[in-house]
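# Analysis of the macromolecular model
Each chain, letter by letter, is given below.
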Amino acid sequence: MKKIIRYLIMSLMTVCLSLPCFGAVEAATVALLPLINNTDNELANQVFYKEAMGTLKRQQGFVLVENDKLTAAIDAVQLNGKLPSAAQLRSIAVDGGVDIVIAMQLDELSKTVRPSSEERTLVLNLKGQAVAYNAITGKDYSHRISSNAKAPEAVTSRWDWLNEQWGRQVRLEMERALKAQ
């Protein structure tokens, strides 16, 4: 009798321990296209990759993919320094075997000083665009990036405020593109 109870308990434990395996979901694969940088700020490319990869690492259920098949799919589209259209994004997703394709373009990244009677203020001039395609849902995502944030000039003199604001926009756009349904 003890052996039967022992086998029943072992069987029950085996079933209970294997239940989480049935609920496992495969991570969505993400392709991040190179930044189309139409500005003279070369640091913007590094900030873009750092923030985009950091955002993907913080989000659960997404894996950044970079392989020969994806590179061939991107080269076949022939972007030539232009933002891909929705059809081109779909083509990259299908030919590259990825679930989500994200691309960004930076058109303007500069700051303007506004003198004032109280203190000098910096005004950010940020313009660009973000596009994405989600092959799982079949949805396209397109959003114009623009910001005219302001900050006191004295406060921004100790760090790279311009590229910090660009990194913030990259994080926001990545999160929006990954959540777009």
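This text goes with the structure placed above it.
Read on for an overview of the structure.

Conventions adopted
- Residues numbered from 1 in each chain as written.
- Predicted model: local features only at pLDDT ≥ 70, side-chain atom pairs only at ≥ 80, totals over all residues.
- Heavy atoms only, no water.
- Salt bridge = Lys/Arg side-chain N within 4 Å of Asp/Glu carboxyl O.
- Buried < 20%, exposed > 50% of the residue type's maximum accessible area, 1.4 Å probe, protein only.
- Helix = DSSP H or I, 4+ residues; strand = E, 2+ residues; numbered from the N terminus.
- Pairing = 2+ DSSP bridges.
- Arc of directions from axis to C-beta.
- Contact = heavy atoms within 4.5 Å.
- 1 Å grid on protein atoms, 1.4 Å probe; cavity = no way out; pocket = protein on both sides within 12 Å on 5 of 7 lines; lining within 4 Å.
- Points joined across faces, edges and corners; volume = space filled by probe spheres on them.
- Nonpolar A, V, L, I, M, F, W, Y, C, P; charged D, E, K, R; others polar.

### Examining the pattern of salt bridges
Per the stated rule, a full pass over the model turns up 5 salt bridges. One salt bridge in this structure joins K50 and E51, with 3.6 Å as the shortest N-O distance. According to the relative accessible area criterion, E51 is buried, its value standing at 13%. Here E153 ties to R120 by a salt bridge, and the two come within 2.6 Å at their closest N and O atoms. A residue pair is termed long-range when its members are at least 10 positions apart, and E153 in helix α5 (residues 153-156) and R120 in the loop between β4 (100-114) and β5 (121-134) qualify at 33 residues. The exposure class assigned to R120 is partly exposed, which follows from its relative accessible area of 42%. Among the charged side chains, a network of salt bridges with common partners joins K50, E51 and R171.

### Examining the environment of L162
Considering the arrangement of structural elements, one finds L162 in helix α6 (residues 161-179). Residues L162 and L109 lie 53 residues apart in sequence; the distance between their C-alpha atoms is 7.4 Å.

### Looking at the pairing of strand β1 (residues 28-32)
Of all 5 residues in β1, 5 are buried, a share of seventy percent or more. Neither face of β1 is exposed, since A28, V30 and L32 on one face and T29 and A31 on the opposite face are all buried. Here β1 pairs with strand β3 (residues 62-64) via 3 bridges, running parallel. By the bridge assignment, T29 is partnered in β3 with V63.

### A word on helix α3 (residues 68-77)
If you check which residues of α3 are buried, you get L70, A73, I74 and V77. What you see down the axis of α3 is that its buried residues fit within an arc of 95°, all on one side. With respect to the buried face of α3, the exposed residues turned more than 90 degrees away are D68, D75 and A76. Packing partners of the buried residues in α3 comprise β1 and α4 (86-96). Phi for Q78, located one or two positions after α3, is positive at around 55°.

### Considering the layout of surface pockets
Remark: the empty space left among the atoms is shown by a probe the size of a water molecule rolled over them. Of the voids in this model, the largest pocket is the one considered here, and its volume is about 320 Å³. Every element with two or more residues in the lining of the largest pocket is listed here: α2 (43-58) and α3. Among the residues making up the lining of the largest pocket, the classes are represented as 13 nonpolar, 2 polar and 2 charged.

### Some words on α4
Here α4 has its buried residues at L89, I92, A93 and G96. Seen end-on, α4 carries its buried residues on one side only, within an arc spanning 95°. α4 presents A87 and V94 as exposed residues on the side facing more than 90 degrees away from its buried surface. Buried residues along α4 sit against α3, β4 and β5. Looking one or two residues beyond α4, the residue adopting positive phi is G97, at roughly 70°.

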